[in-house]
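Structure assessment
These are the residues of each chain, in order.
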Amino acid sequence: MTTIRVGHLYPDYLNIYADRGNIAVLSRRAAWRGHELEVTGLGLDDEIVPGAHDLYYVGGGQDREQLLVAENLAGKAEQLREAVAGGSALLAVCGGYQLLGRGYKGFHGEEMPGVGLLPLETLAGDRRMIGDVLLECELEPGVRRTLAGFENHAGRTKLDPGAEPLGRVLAGFGNDGESGFEGCRSGRVVGTYLHGPLLPRNPWLADWLLAQALAHRSGGEPPELEPLEDGLEAQAHEVAAGRARARSRR
Amino acid sequence: MRPAVPLALEIAAARAVASLSRLAGRGGGTTIPGKLLAALDPGAIDRLAARLPAGAATISATNGKTTTAAMAAEILRPRHRLAHNSAGANLVSGVASTLLAAGRAELGLLEVDEGALPEVLRRVRPRAVLLGNLFRDQLDRYGELELIAERWRAAVAELPDGTRLVVNGDDPLLASIAETRIGAVAFGLDDPRVARPSLQHAADSKYCVVCGAPYEYATAYVGHLGDYHCPNGHLARPPLEVAAREIELHGLERAAFDLVTPDGTRRIDLPLPGLYNVYNATGAAALARALGASLDEIAAGLGRFGAAFGRFERIAVGDKGLLLLLIKNPAGANEAVRTLVDGGAPRTVVIALNDEIADGRDVSWIWDVDFEPLLAGLDRLVATGGRAAELALRFRYGGMDESAIEVVPDVEQALDRGLELTPPGGELVVLPTYTAMLALQRVVAARGLARPYWERAA
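Every chain's residues receive numbers from 1 upward, in the order its sequence appears when written. Throughout, the order in which chains and ligands are written sets their labels, letters from A for the former and numbers from 1 for the latter. With pLDDT at 70 or above as the cut-off, local features in this predicted model cover only qualifying residues; side-chain atom pairs require 80 or more to be listed or tallied, and sums for whole chains, interfaces and linings still use all residues.

**Overview of the overall build of chain A**
Only runs of H or I of at least four residues qualify as helices and only runs of E of at least two qualify as strands under DSSP, and these elements are numbered from the N terminus. Scanning chain A from N- to C-terminus turns up six helices and 12 strands. As a reference, a globule follows 2.2 Å times the number of residues to the power 0.38, and the radius of gyration itself is taken over C-alpha atoms. In summary, chain A has a C-alpha radius of gyration of 17 Å against a globular reference of 18 Å for 250 residues, a match within 12%. Counting only C-alpha atoms, chain A reaches 50 × 45 × 35 Å along its principal axes. Out of the 250 residues belonging to chain A, those deemed buried represent 51%. Intrachain contacts of chain A at a sequence separation of at least 6 include 72% that bridge at least 24 residues. Burial is judged by counting other C-beta atoms within 10 Å of a residue's own C-beta: 20 or more means buried, 12 or fewer means exposed, and anything between counts as partly exposed, with every C-beta placed from the backbone. We call two residues in contact if the C-beta atoms placed from their backbones are at most 7 Å apart.

Okay, structure coming up:
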């Protein structure tokens, strides 16, 4: 049994789209493999200590809450970059995803600082992009898998040239509604607009993150995790994917 | 510009459409005439409202607006002939339909959708405005709740001086909207014995609107509603003019409390369960009082009250009972769960999750609901509706054994499966989202067990 240490950033502020569902999925799926997930909330007054956590999680918040934490997180950027350089995995969803870039420019020119961990920046748009979304991802060469989620964001996220998106948009808007790509991936760091929450209906990504976290813990390669009976997850994925496809046909 | 068609003719045309729509069997026809009128001549709504001799009052909230409006109607009915949108048609078109059908009504009592409130206030110019609560709800449809609050704040600032504002003082966001308004009435709860030990997971509006510091709560009742203050002194719960004290919750049966007002105190025995209904009743009392009702009228009206359609409904099905409790967002569903557990947790439950526009396309909210208190007593979950599998996952990852979960997407089949699992003399608990509730009511009506809502509302 391994204890996987998760640092959950600002759980009191960034939790708008049921982020605790993602944590619950990581926790159960670790437990079903005989591992334990130890989740520590990291708030405004807590330090990020490189090496102390195998996986970080940043959720989404309302604009106001996001603003309340943005400066604080930017002040910890150095430690977070060091943690990730040391092999910690990270999942950031929606507002958390925006915070990982270089920053967010609002409608009236106001700027919110970012961490600069992912090669991207976000500009406010005039219309929210809302709805079911379906992606095709290839995190390892030749292994193509889909992610089904729900997006609801006004920000248009632009990746730098050469940056690796999380996936190709099969249906929905994605990063900016025009590039055809969604999210961003850099090593063990994944940022995405997809909530719903993301992991219950996309258990392969939960397992991928757990494997990366275990690799950080052991200092070795990501292990093969024992497969689970994921019938319900597959059904939920199929329904959500169907919603996204139906929308793109409209 | 006013069209050449006189108002009377528009009314006649729109009413004819309503009758046709009902004859054609297309549901209640509750908003079709209003949609027609709103399209023909939006200004007609203003003129229809202006015809009401006793004026109008509006009721808005994320949760409980239909029930609160129905309670206020019960209190005010002996005093006035009402134009009341009791079937829950609460957009601008629904308000228009209600005013159209009002005939000789004296007082408009209008439940209004959160998003539609600014336009309705502008057109209807009510005498009194009740703001009940703001919780996170259907983020895909309404946007973030701060946005709604800002639109409400702007709309309240535009209200004429004579309009009475009645707000839930336990909601910090609403209290901040009412803070500078002269004559605003705050209502709320005042009984630490029924408080939650801590803020719930899905609590919203936790941070001071001025400085962003977390509010300190002396007591938290439902979601972020409670007795709060900013540690830096910016905002605190206002003094309550109308308050509920000495609250007793009797499981799924009823709730009782002392209604404390400047005119005196009355013991209210409410034939409805749950703390959220104590909020609804206290709000309805404060609104009715602002409209001139006496304490005797308020107590009598609340005592007579029966549940608003479908929000909480008991129906006999042969030798079994059916209990329907609407769930639509984390705060409301948490209260439904708490009320169920207080009444003795059910062993079988049917939960119906749809994702139509009226339910919210985004189903992520189910992960913010604290369903866990149900798990200890639960032998079987029948998950149904368009997103049944997602709901099943919520319970699987909440710790329920997968073998105890049945996924039956068809709502009628799920109802029958639930009834099959219910012993004779027992009661089946069904928690549906809005459109799933409508589907269940159609099934129940088709089997001759209850009348359709548009007949009951008439």
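**Description of the interface of chain A and chain B**
In this complex, chain A contributes 26 residues to the contact, which on the side of chain B involves 24 residues. Elements with a contribution of two residues or more to the side of chain A that touches chain B: α1 (19-31), α2 (63-74), β7 (120-140), β8 (143-159) and α6 (231-249) of chain A. Split into classes, the residues belonging to the side of chain A that touches chain B amount to 13 nonpolar, seven polar and six charged. The nonpolar class holds Ala, Val, Leu, Ile, Met, Phe, Trp, Tyr, Cys and Pro. Asp, Glu, Lys and Arg form the charged class, and all remaining residues, Gly among them, are polar.

**Focus on the sheet that holds strand β17 (residues 427-432) of chain B**
Residue and element names in this part refer to chain B. Strands were regarded as paired on the criterion that DSSP finds at least two bridges between them. Pairing within the open sheet is mixed, and its six strands lie in the order β12-β13-β17-β14-β15-β16. The outermost strands of the open sheet, each flanked by one partner alone, are β12 (312-317) and β16 (405-407). This sheet shows a mean twist of 20° between the axes of neighbouring strands, independent of strand direction. Relative to strand β15 (residues 380-384), strand β14 (residues 348-352) runs parallel, the two sharing five bridges. Each bridged residue has a counterpart across the sheet, and for V350 the counterpart in β15 is V382. Geometry is summarised by axes, namely lines fitted to C-alpha atoms with helices restricted to the contacting stretch, and by angles between N-to-C directions that run from 0 to 180 degrees.

**Details of the packing of helix α4 (residues 65-76) of chain B against helix α11 (residues 295-304) of chain B**
Residues and elements named next belong to chain B. At a minimum axis separation of 8 Å, α4 and α11 run at an interaxial angle of 125°. Here α4 lies oblique to α11, going by the angle between them. Helix-helix and strand crossings are classified by hand; for α4 and α11 the assignment is right-handed. Of the residues in α11, those in contact with M71, E74 and I75 of α4 are E297, I298, G301, L302 and R304. Class assignment of the residues belonging to the contact of α4 with α11 gives a composition of four nonpolar, one polar and three charged. Note on terminology: angles under 35 degrees are roughly parallel, angles over 145 are roughly antiparallel, angles of 65 to 115 are roughly perpendicular, and the others are oblique. By convention, the crossing between two helices is left-handed when the near helix turns anticlockwise from the far helix through less than a right angle, and right-handed when the turn is clockwise.

**Considering the sheet that holds strand β11 (residues 184-186) of chain A**
Adjacent strands of a sheet pair through backbone hydrogen bonds, lying either parallel or antiparallel. All names here are of chain A. In spatial order, the strands read β2-β1-β3-β4-β12-β11; together these six strands make up an open sheet with mixed pairing. The two strands at the open ends of the sheet, each matched to only one other strand, are β2 (36-42) and β11. Adjacent strand axes in the sheet meet at a mean angle of 15° when their direction is disregarded. Looking at chain direction, strand β3 (residues 55-58) and strand β4 (residues 89-93) are connected through four bridges and run parallel. By the bridge assignment for β4, Y56 is matched with L90. Contacts between α1 and the sheet are confined to β1 (3-9), β2, β3 and β4, with β2 contributing the most and set at about 150° to the helix. Packing of helix α5 (residues 203-218) onto the sheet brings it into contact with β1, β3 and β4, and relative to β4 it is tilted by some 145°.

**Focus: the domain arrangement of chain B**
Residue and element names in this part refer to chain B. When the domains of chain B are assigned, the result is domain 1 (30-304) and domain 2 (312-457). Where each domain starts and ends comes from a domain assignment, either automatic or drawn from a database. Measuring from the centre of the C-alpha atoms in domain 1 to the corresponding centre in domain 2 gives 27 Å. The interface is formed by 25 residues belonging to domain 1 together with 22 residues belonging to domain 2. Of all the secondary-structure elements, those providing two or more residues to the side of domain 1 that touches domain 2 are α7 (139-142) and α10 (275-290). For the side of domain 1 that touches domain 2, a count of residues per class yields 11 nonpolar, 10 polar and four charged.

**Things to note about the nonpolar core**
All names here are of chain B. Counting residues in hydrophobic clusters, the biggest one holds 216 residues, and the most contacted among them are A72, V166 and L287. When residues in this core are grouped by element, the largest group, 11 residues, is from α10. Counting contributing residues per domain, this core is built from domain 1 (30-304) and domain 2 (312-457), each supplying no fewer than three. Not counting the four nearest positions on each side in its chain, A72 is found in contact with I59, L109, A284, L287 and A288. As used here, a nonpolar core is made of buried Ala, Val, Leu, Ile, Met, Phe, Trp, Tyr and Cys residues. They are joined through C-beta atoms within 7 Å.

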